[in-house]
Amino acid sequence: MNNNNFITMFEKRLSEYTGAPYVVLTDSCTNALFLSLKLLHNKNMLETQDIIIPNKTYISVPQTIIHCALNPLYNDSYWIGTYELGKTNIMDCAVGFKPNMYIKNKYMCLSFQQKKAIKIGKGGAILLDNIDDYNTLKRMAWDGRDSSKSVLDDIDNI
């Protein structure tokens with residue numbers, strides 16, 4: 001079974017709602033942050049190994065930074081809805097979902113769960129505007145596979 005049609009429709013609706021040219025669905029905001037950090041780290045697009053984050057954030061954020069072989073540094077900044085992870089262009093938008101929210105040149109990571117605006121149990125997304133990064137992140141989110149093919153039909157990646 002392949003749910004690509006549903007995923008494509010959901011990504012399209014999120015794109016229309018948020019104003020983001022591209023959307024990659026993930027299984028959580030934590031993984032959206034992880035994939036975004038890995039993408040930029042692999043492209044040597046991070047200015048520093050030190051990623052500054054608010055000291056009052058969800059515990060998976062510093063854990064994800066460490067998992068990416070980076071260093072979380074904390075500050076006392078006050079934030080509502082969204083904040084940027086240091087100077088990475090990656091934004092934690094887990095509690096800041098709203099219409100026309102997309103900011104150009106950002107990787108905006110969303111969360112969907114019982115306490116969030118979209119209460120689907122678990123899920124996340126990355127909003128972005130770079131087609132090449134979209135294609136890379138899409139493969140990363142699908143463990144290197146083509147999301148339009150069923151696992152059984154994706155022989156090249158088994």
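The shown structure was predicted, so the numbers you read here are calculated from the model rather than taken from an experiment. (Residues numbered from 1 in each chain as written. Predicted model: local features only at pLDDT ≥ 70, side-chain atom pairs only at ≥ 80, totals over all residues. Heavy atoms only, no water.)

**Remarks on the overall build of the chain**
Next up, step 1: Helix and strand counts for the chain stand at four helices and seven strands.
Next up, step 2: Written out in order from the N terminus, the α and β elements of the chain read α-β-α-β-α-β-β-β-β-β-α.
Next up, step 3: Buried residues in the chain amount to 44% of all 158 residues.
Next up, step 4: Long-range contacts, defined as pairs at least 24 residues apart, comprise 53% of the intrachain contacts of the chain with a sequence gap of at least 6.
Next up, step 5: For the chain, the accessible surface area stands at approximately 9,000 Å², while carbon and sulfur atoms represent 52% of it. (Helix = DSSP H or I, 4+ residues; strand = E, 2+ residues; numbered from the N terminus. Buried < 20%, exposed > 50% of the residue type's maximum accessible area, 1.4 Å probe, protein only. Contact = heavy atoms within 4.5 Å. Areas by Shrake-Rupley, 256 points an atom, 1.4 Å probe, with all protein chains shown as cover.)

**Quick word on the pattern of salt bridges**
Next up, step 1: Applying the stated criterion to the full structure yields four salt bridges.
Next up, step 2: Note that K12 and E16 form a salt bridge whose closest N and O atoms lie 2.8 Å from each other. Here the residue K12 and the residue E16 both occupy positions in helix α1 (residues 4–18), the gap between them amounting to four residues, near one helical turn.
Next up, step 3: The exposure class assigned to E16 is partly exposed, which follows from its relative accessible area of 49%.
Next up, step 4: Two residues, E84 and K106, come together in a salt bridge whose shortest N-O distance is 2.9 Å. Within this pair, whereas E84 is found in strand β4 (residues 83–84), its partner K106 is found in the loop between β5 (90–92) and β6 (107–111), the two being separated by 22 residues in sequence.
Next up, step 5: E84 sits in the partly exposed class, given a relative accessible area of 25%. (Salt bridge = Lys/Arg side-chain N within 4 Å of Asp/Glu carboxyl O.)

**Focus on the packing of aromatic side chains**
Next up, step 1: As enumerated under the stated definition, the model contains five aromatic pairs in all.
Next up, step 2: Ring geometry for F10 and F112: centres 5.7 Å apart, planes at 45 degrees, overall tilted. Separated by 102 residues along the polypeptide, F10 in helix α1 and F112 in the loop between β6 and β7 (124–128) bring together distant segments of the chain. Comparing F10 with F112, the two get one shared label, buried.
Next up, step 3: For the ring pair F97 and F112, a centre distance of 6.3 Å and an interplane angle of 85 degrees mean the geometry is edge-to-face. With F97 in the loop between β5 and β6 and F112 in the loop between β6 and β7, this pair connects stretches of sequence that are 15 residues apart.
Next up, step 4: Aromatic rings pair up to connect F10, Y17, F97 and F112 into one cluster. (Phe/Tyr/Trp six-rings, centres within 6.5 Å; stacked < 30°, edge-to-face > 60°.)

**As for the side chain of T64**
Next up, step 1: Inspection of the secondary structure assignment puts T64 in helix α3 (residues 60–67).
Next up, step 2: Residues in contact with T64, not counting those within four places in the same chain, are T30, L33, F34 and L37.

**Here's the deal with unusual backbone geometry**
Next up, step 1: Unusually for a residue other than glycine, A69 sits at a positive phi of about 60 degrees.
Next up, step 2: Looking at the element boundaries, A69 is found in the loop between α3 and β3 (71–75).
Next up, step 3: By relative accessible area, which is 56% here, A69 ends up exposed.
Next up, step 4: The backbone phi angle of N100 is positive, close to 50 degrees, even though this residue is not glycine.

**A word on the environment of S36**
Next up, step 1: On the secondary structure map, S36 appears in helix α2 (residues 29–42).
Next up, step 2: In sequence terms S36 and C109 are 73 residues apart; their C-alpha atoms lie 8.4 Å from each other.
Next up, step 3: Beyond its immediate chain neighbours, meaning those up to four positions away, S36 contacts I90, Y107, C109, I126 and L137.

**Overview of the pairing of β7**
Next up, step 1: Where burial is concerned, most of β7 is hidden: five out of the five residues are buried.
Next up, step 2: Side chains of β7 alternate between two faces, with G124, I126 and L128 and A125 and L127 buried alike.

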